Amino acid sequence: MKKTKTYTNPQFLSLLSDESSLFTQDCNPDELSFETGVTIPDDFVLCRNAKGAVTAIFSGLTWDFTPYRLSTRGSCSVFWGKLAVSGDDKFDKSTLIEVKKIYVLLMFLAKNGKAGPLSVTTLKSYASELFSIVEFAVKLQKNRMLGKISVQDILSNKSYLAHYAKTLTKKNKQRLHILLMQLKTIGEENLGFDVVYDRGLHETIPHKQHPIIPTRIYLELINHLTDERQYIHKGIEKLGRFIREFKDPYYGINRKEQKKQAKLNNVEGFTCRATFPEAVAKHKMKDMFKHFDVEIRSRASLVLLIGIIQYKMKFLIHLYTGMRSDEVNRLPFQCVHEEVLQDEKLGENGELLAESELIQVLSTTTKFTGYRKEESWLAHNSVVNAVLSLQTIVRAYSDIVGGTPDRCPLFVSTVKIFMKSHFDTDRSEVTSFKPRHYTFLSKPQFLISEADFEVLQASDPNRNFATESKFNVGMSWPLTSHQSRRSLAFYALNSGFVSLPTLAKQFKHLSQEMSRYYSRNFENVKTIFGHYDVKTQKYVLPLNHIALEVQVGMSLETAEAILNDLMNEDTELHGKTGGYLERQRSRLTTGEVLVEELKSETVKKVNNGEFNYRKTLLGGCTNNDICECSILGEFADCLTSSCAVIKFENVDKLIASTTKELSSYHPDSVEYLATKEELDELIRYKNNKKSLSKA
């Protein structure tokens, strides 16, 4: 007799393991038990909220997994009722039960890449794929030769599966590939059928990484958001008092609607409140609405104003910390903490010799290997002040809806100010930012100029940005949070950029702090910014932390770039460092050293700060700092620089493009003279190299 298998809901266990979670064993959903094959009863409970109320039951047409959501946004509800509509009269209950059962098995038995449970947002994507398969099966039923086809038929029959795969885009084929892998892992014994797994379905989709923000736009962005933070800080208390007025449900509504609502609520002797424009004038808020280009119309105008402030402060945090979008979204109300770098020193008689040294950090709870772990980021004063302003908004909003600020996210959605029943009152949502919150990016200083485009193209010579319309000259820069991360690692310790006289002094101060606290030599870097790993009993700095990008610039990737790009026998290398690389290539060719040994040696040089590499128009640069010539867009100095790696064929290409550029300038212009000087240097360099090779 086979032993009964019992599985506890893994998503619930993840929440239960979190000390800050409100969930207890009383909220436990049902356990999944079976011997061979799975039959799930209609009353099987899949999810309860923190109060124990059922939000997902097997027989239900809506499964709400919001209580188990780890991320701050994204839909977590599965609407099975949509399937009945898609199939009309030919859809039957057996198909619905079939796909529900597959979803439950994925929920209980599937694993992510790090052996943790699948998140409910990932499960939602699997539901979408199952929906697509059902819709395809319904369409096939119109073929009288096939008759009724089940989801099992498609997943277990190569012909049907291939037919379905032909209807998919490359991206959706990839999703199907992942679903098939998960189902294959769950196994025939549990599913009741053997899944077809065809490796040919999976095609690698080229990924375009987020570009570094061009220097001028990045400078404008830092200065703009730093100035905005100061403006917001000055008026935030007044805004907080204004928000609190809207606890009165009639306040800020037009008088006709006020009287209508009072009558519906049987309010006797009702006295009309101020309309929204009157309220703005009374609290002297006109200047703030005008500053952020928000029309003074209704309560919705206040929600928009708050959203714009939140977005700008959110992006300032991105700029100054390098945090990812969901990491910032997940910040709780109390997110700034002090860490002790050095305890105070006392003399023999108890007198204070040296005060303790403290550092402020920004911390949140993030999902790591299936569970939540705490990480931290350096919190510059600008970030701390931004958080203080955001906390003022949260406090005021909490007074309106009830509850305490500590239960709210830092970027709490204030939509209830005009949509009181929109969200579950037990859960505060994070603001969902829309284009109306970042219209400031359409201002002239954030439009892409020809010079910006040239800097962008030079930052990644292998990518043709001209084919991507969003980067066209004249377009608003398509800002993303991940760009700020890459740009921070690129610019923050760049002496040429940091020394620019027009750069906000706050960012210059941040550069100094990062140089110290994110340094490899800073002994507390792991204990302060990392998290404690229970298994190894050590503090670990996650591999995706901005500190590591600042330290070594992704050293292994750098080494790979050197080996793959520069060890090509068809490329002739010049320059002092080019000579070093030529010698290494010779060692490879003669068998004196193995590729893996050279890679290891190169990684050590990069980690020790002896060597670096990034592509340039002439070939590459091995300077640990960003050369001033690369910041200013000049390249002639690289021809004689010891850090330059010059590919001779690139010199010819650059001569051709510079000659073309020269023809577009007037001979008397400054641009013509500067470009002519660069061209002369390139031609002189080429002729000298030819003379030496003949000799």
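Residues numbered from 1 in each chain as written. Predicted model: local features only at pLDDT ≥ 70, side-chain atom pairs only at ≥ 80, totals over all residues. Heavy atoms only, no water.

Overview of the overall build of the chain
For the chain, the count of helices and strands is 27 helices and 17 strands. Here the chain, with 695 residues, has 46% of them falling under the buried criterion. Excluding contacts between residues fewer than 6 apart, the proportion of contacts in the chain whose partners are at least 24 apart in sequence is 60%. Accessible surface computed for the chain: about 35800 Å², of which carbon and sulfur atoms make up 50%. (Helix = DSSP H or I, 4+ residues; strand = E, 2+ residues; numbered from the N terminus. Buried < 20%, exposed > 50% of the residue type's maximum accessible area, 1.4 Å probe, protein only. Contact = heavy atoms within 4.5 Å. Areas by Shrake-Rupley, 256 points an atom, 1.4 Å probe, with all protein chains shown as cover.)

Regarding the pattern of salt bridges
Under the defined criterion, the tally for this structure stands at nine salt bridges. In this structure, the salt-bridge partner of R216 is D452, at a minimum N-O distance of 2.6 Å. You can see R216 sitting in helix α9 (residues 215–244) and its partner D452 sitting in helix α16 (residues 450–459), a full 236 residues away along the chain. Its relative accessible area of 30% is what places R216 among the partly exposed residues. Taking relative accessible area as the criterion, D452 reaches 3% and is therefore assigned buried. One salt bridge connects R463 with E468, and the closest N-O pair in it is separated by 2.8 Å. (Salt bridge = Lys/Arg side-chain N within 4 Å of Asp/Glu carboxyl O.)

Remarks on the packing of helix α13 (residues 299–321) against helix α15 (residues 381–401)
At a minimum axis distance of 10 Å, the contact between α13 and α15 shows a crossing angle of 155 degrees. In terms of their interaxial angle, α13 and α15 are classed as roughly antiparallel. Crossing of α13 against α15: the hand is left-handed. Contacts from I306, I309, Q310, M313, L316, I317, Y320 and T321 of α13 reach α15 at S382, V383, A386, V387, L390 and I393. Considered class by class, the residues forming the contact of α13 with α15 number 11 nonpolar, three polar and no charged. (Axes fitted to C-alpha atoms, helices over the stretch in contact; angles between N-to-C directions. Parallel < 35°, antiparallel > 145°, perpendicular 65-115°, else oblique. Left-handed = near helix turned anticlockwise from the far one by under 90°. Nonpolar A, V, L, I, M, F, W, Y, C, P; charged D, E, K, R; others polar.)

Observations regarding the packing of aromatic side chains
Aromatic ring pairs are defined here through the distance separating the ring centres and the angle between the ring planes. Applying the stated criterion to the full structure yields 26 aromatic pairs. With a centroid separation of 5.8 Å and 90 degrees between ring planes, the pair formed by W80 and Y103 is classed as edge-to-face. Of this pair, W80 sits in the loop between β6 (77–79) and α2 (81–87) while Y103 sits in helix α3 (residues 93–109), and the two are 23 residues apart along the sequence. Residue Y103 is classed as buried on the basis of its relative accessible area, which comes to 1%. Each ring, one from Y218 and one from F507, has its centre 6.0 Å from the other, and the planes form 85 degrees; the classification is edge-to-face. Highlighted residues: Y218 in helix α9 and F507 in helix α19 (residues 505–517), separated in sequence by 289 residues. Residue Y218 is classed as buried on the basis of its relative accessible area of 0%. Taken together, the aromatic side chains of F58, W63, F65, W80, Y103 and F131 make up a single cluster linked through ring pairs. One Lys or Arg, K100, reaches over the ring of F58 and ends 5.5 Å from the middle of that ring. Positioned above the aromatic ring of F440, the side-chain terminus of K312 is 4.6 Å from the ring centre. (Phe/Tyr/Trp six-rings, centres within 6.5 Å; stacked < 30°, edge-to-face > 60°. Lys NZ or Arg CZ within 6 Å of the ring centre and 35° of its normal.)

Things to note about the pairing of strand β3 (residues 45–48)
With three bridges connecting them, β3 and strand β4 (residues 54–57) associate as antiparallel partners. From the neighbouring strand, R48 faces β4, where its bridge partner is V54. In this antiparallel pair of consecutive strands, β3 and β4, the connection spans five residues, and G52 shows a positive phi of 90 degrees. (Pairing = 2+ DSSP bridges.)

Comments concerning the confidence of the model for the chain
In the predicted model, the chain carries a mean pLDDT of 76, and the fraction of residues at 70 or more is 67%. Residue range residues 366–372 is modelled with pLDDT below 50. Its contacts to residues more than four positions away, or to other chains, number 25 contacts. In the predicted structure, residues 420–425 sits below a pLDDT of 50 and forms nine contacts with residues beyond four places in sequence or in another chain. (pLDDT = per-residue confidence, 0-100.)

Observations regarding α9
With 30 residues, α9 should cover 44 Å at 1.5 Å per step; its first-to-last C-alpha distance of 41 Å lies within 8% of that length. Of all bends in α9, the biggest is about 50 degrees, found at G235. (Expected span 1.5 Å × (residues − 1). Bend = angle between axes of the 7 residues up to and from the residue.)

A few points about the nonpolar core
Core analysis: the biggest nonpolar cluster contains 85 residues, and L221, L239, L302, I317 and F507 have the highest contact counts within it. By residue number, the principal contributor to this core is α13, which donates 13 residues. Once residues within four sequence positions are removed from consideration, L239 is found in contact with M285, M288, L302, L305, I309 and I393. C27, L46, F136 and L176 belong to the second-largest nonpolar core, a separate cluster that totals 56 residues. (Core = buried A, V, L, I, M, F, W, Y, C linked by side-chain atoms within 4.5 Å.)

Digging into α13
With 23 residues, α13 extends 33 Å between its outermost C-alpha atoms, agreeing within 8% with the 33 Å of an ideal straight helix rising 1.5 Å per residue. Here α13 lies mainly inside the structure; 21 of its 23 residues are buried. Within two residues after α13, G322 carries a phi angle of roughly 80 degrees, on the positive side.

What to know about unusual backbone geometry
Leaving glycine aside, a negative phi is the common case for residues, and trans is the common case for peptide bonds. Here the phi dihedral of K284 falls at roughly 55 degrees; this positive angle occurs in a residue that is not glycine. One can find K284 in the loop between α11 (276–282) and α12 (286–291). With a phi close to 55 degrees, D293 is a non-glycine residue in the positive phi region. Here D293 is to be found in the loop between α12 and α13.

Let's talk about the environment of F79
As for its placement among the helices and strands, F79 is situated in strand β6. The sequence separation of F79 and A127 amounts to 48 residues, and the corresponding C-alpha distance is 9.3 Å. Discounting residues that sit within four places of it in the chain, F79 has contacts with L61, T62 and F131.

A closer look at the side chain of N190
For N190, the location among the structural elements is in helix α8 (residues 188–191). Within the local environment of N190, its side chain forms a polar contact with the backbone oxygen of I186, the two atoms lying 2.9 Å apart. (Polar contact = N/O pair within 3.5 Å; in protein donor to acceptor, adjacent residues only side chain to side chain.)

Brief notes about the packing of α13 against helix α17 (residues 481–491)
Between α13 and α17, the shortest axis-to-axis distance is 7 Å and the interhelical angle comes to 30 degrees. When the interaxial angle is binned, α13 and α17 end up roughly parallel. The two elements α13 and α17 cross, and the hand of that crossing is right-handed. Of the residues in α17, those touching α13 at F315, H318, L319, Y320 and T321 are S481, S484 and L488. A per-class count over the contact of α13 with α17 returns four nonpolar, four polar and no charged.

Focus: the environment of R297
Note that R297 resides in the loop between α12 and α13. The class for R297 is exposed, based on a relative accessible area of 59%. Remark: the alpha-carbon pair of R297 and T275, spanning 22 residues in sequence, is separated by 9.2 Å. If we ignore the near neighbours within four places in the chain, the residues touching R297 are F276 and P277. Within the structure, R297 has its side chain in polar contact with the side chain of E295 (distance 2.9 Å).

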